[in-house]
Amino acid sequence: MPVIAPVPAARPARLASQREGAEDTMAAGTTVDHLTETYRAHYRSLLGLAALLLDDTASCEDVVQEAFIRVHSARGRVREPEKTLAYLRQTVVNLSRSALRRRILGLKLLSKPMPDMASAEEGAYDQLERDALIKAMRGLQRRQREVLVLRYFADMTEAQVADTLGISLGSVKAYGSRGIAALRVVMEANS
């Protein structure tokens, strides 16, 4: 039959002393219960502090929550529990500053519109005019449309248009003037 050796008495004493040391360390820092009480008592005042520094409620709530998370994570380093609120206030201020710096940096990195750039409304209006012009151009006779496109969109001279289409210079002038007159009628009717 095997012999069972007795457990040395020093080992349980060492575990007990380690446990007591851990409790002493927790007593020296902020406990979870103390932090919970601080949360209940001062959450609204910290939220008000963040609201004075930031402009939107969601950011304020995020900052205060993050402050409590950071102080909770570092609660072992807080030697004097009565200073927990001071640490929280300072953390809220620092996190608010960081949030504002990120916003300012984000605004600086956004592309700035060129001074001569059209606004969105002007761009939409221009697009509507372009669409109306294209629709009106499709309603023209084929030769009128060809002459106007080559003359005004391809920026050719009347002689170049005549040469490209294989028609006389007089025909280019006639098709061009009749095409512009027809476009004017259609565009004024749409206005």
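As the structure is a computational prediction, the values presented were derived from the model and not from experiment.

About the criteria used
- Residues numbered from 1 in each chain as written.
- Predicted model: local features only at pLDDT ≥ 70, side-chain atom pairs only at ≥ 80, totals over all residues.
- Heavy atoms only, no water.
- Core = buried A, V, L, I, M, F, W, Y, C linked by side-chain atoms within 4.5 Å.
- Buried < 20%, exposed > 50% of the residue type's maximum accessible area, 1.4 Å probe, protein only.
- Helix = DSSP H or I, 4+ residues; strand = E, 2+ residues; numbered from the N terminus.
- Contact = heavy atoms within 4.5 Å.
- Axes fitted to C-alpha atoms, helices over the stretch in contact; angles between N-to-C directions.
- Parallel < 35°, antiparallel > 145°, perpendicular 65-115°, else oblique.
- Left-handed = near helix turned anticlockwise from the far one by under 90°.
- Nonpolar A, V, L, I, M, F, W, Y, C, P; charged D, E, K, R; others polar.
- Salt bridge = Lys/Arg side-chain N within 4 Å of Asp/Glu carboxyl O.
- Expected span 1.5 Å × (residues − 1).
- Bend = angle between axes of the 7 residues up to and from the residue.
- Patch = residues over 30% accessible without salt bridge, like charges linked within 9 Å, V, L, I, M, F, W, Y side chains within 5 Å.
- Areas by Shrake-Rupley, 256 points an atom, 1.4 Å probe, with all protein chains shown as cover.
- Lys, Arg positive; Asp, Glu negative; His and termini not counted.
- Charge placed at Lys NZ, Arg CZ, Asp CG, Glu CD.

Caption draft 1: Region of interest: the nonpolar core. By size, the foremost hydrophobic cluster in this structure holds 17 residues, and its most contacted members are Leu46, Ala50, Val63, Val64, Phe68, Leu88 and Val92. For this core, the secondary structure elements donating two or more residues are α2 (32-53), α3 (57-73) and α4 (84-109). Among the elements that line this core, the one with the most residues is α3, at 6 residues. Val63 has contacts with Ala50, Leu54, Val92, Leu95 and Ser96, leaving out every residue within four places of it along the chain.

Caption draft 2: Quick look at unusual backbone geometry. In this structure, Asp155 takes a positive phi of about 60° despite not being glycine. As for its position among the elements, Asp155 is in the loop between α6 (142-153) and α7 (158-165). Look at Asp155 and you get exposed, because its relative accessible area is 66%.

Caption draft 3: Here's a closer look at the packing of α2 against α3. Two elements in contact, α2 and α3, have axes whose closest approach is 9 Å; the angle formed by their N-to-C orientations is 150°. When the axis of α2 is compared with that of α3, the two are roughly antiparallel. Of the two possible hands of crossing, α2 and α3 adopt the one that is right-handed. Between α2 and α3, the contacting residues are Val32, Leu35, Thr38, Tyr39, Tyr43, Leu46, Leu47, Ala50 and Ala51 on the first element and Cys60, Glu61, Val63, Val64, Gln65, Phe68, Val71 and His72 on the second. Taken together, the residues of the contact of α2 with α3 sort by class into 13 nonpolar, 3 polar and 1 charged.

Caption draft 4: Structural view of the pattern of salt bridges. Applying the stated criterion across every chain yields a total of 6 salt bridges. We note a salt bridge from Lys83 to Glu80, for which the minimum N-O separation is 3.6 Å. One salt bridge connects Glu146 with Arg143, and the closest N-O pair in it is separated by 3.6 Å. Of the two residues, Glu146 and Arg143 both sit in helix α6, 3 residues apart, roughly one turn of that helix. Owing to a relative accessible area of 24%, Glu146 belongs among the partly exposed residues under this scheme. Residue Arg143 is classed as partly exposed on the basis of its relative accessible area of 23%.

Caption draft 5: Representation of α2 in the model. For α2, which comprises 22 residues, the first-to-last C-alpha distance of 28 Å sits more than 12% below the rise-based estimate of 32 Å (1.5 Å per residue). Taking the largest bend as the criterion, α2 deviates by roughly 60°, centred on His42. Looking only at α2, the buried set comprises Leu35, Thr38, Tyr43, Leu46, Leu47 and Ala50.

Caption draft 6: Region of interest: the environment of Gly139. Within the secondary structure, Gly139 is located in the loop between α5 (120-138) and α6. Spatially, the C-alpha atoms of Gly139 and Ala182 are 9.0 Å apart, while their sequence positions differ by 43 residues.

Caption draft 7: Highlighting α4. Compared with the 38 Å implied by 1.5 Å per residue over 26 residues, the 37 Å span of α4 between its first and last C-alpha is a close match. Those residues of α4 that sit buried are Thr84, Leu85, Leu88, Thr91, Val92, Val93, Leu95, Ser96 and Ala99. Each element contacted by the buried residues of α4 is listed here: α2 and α3.

Caption draft 8: Inspection of a negative patch on the surface at higher detail. On the surface, Glu121, Glu122, Asp126 and Glu129 cluster together to form a negatively charged patch. Its location among the elements puts Asp126 in helix α5. The partly exposed category is assigned to Asp126, whose relative accessible area is 34%.

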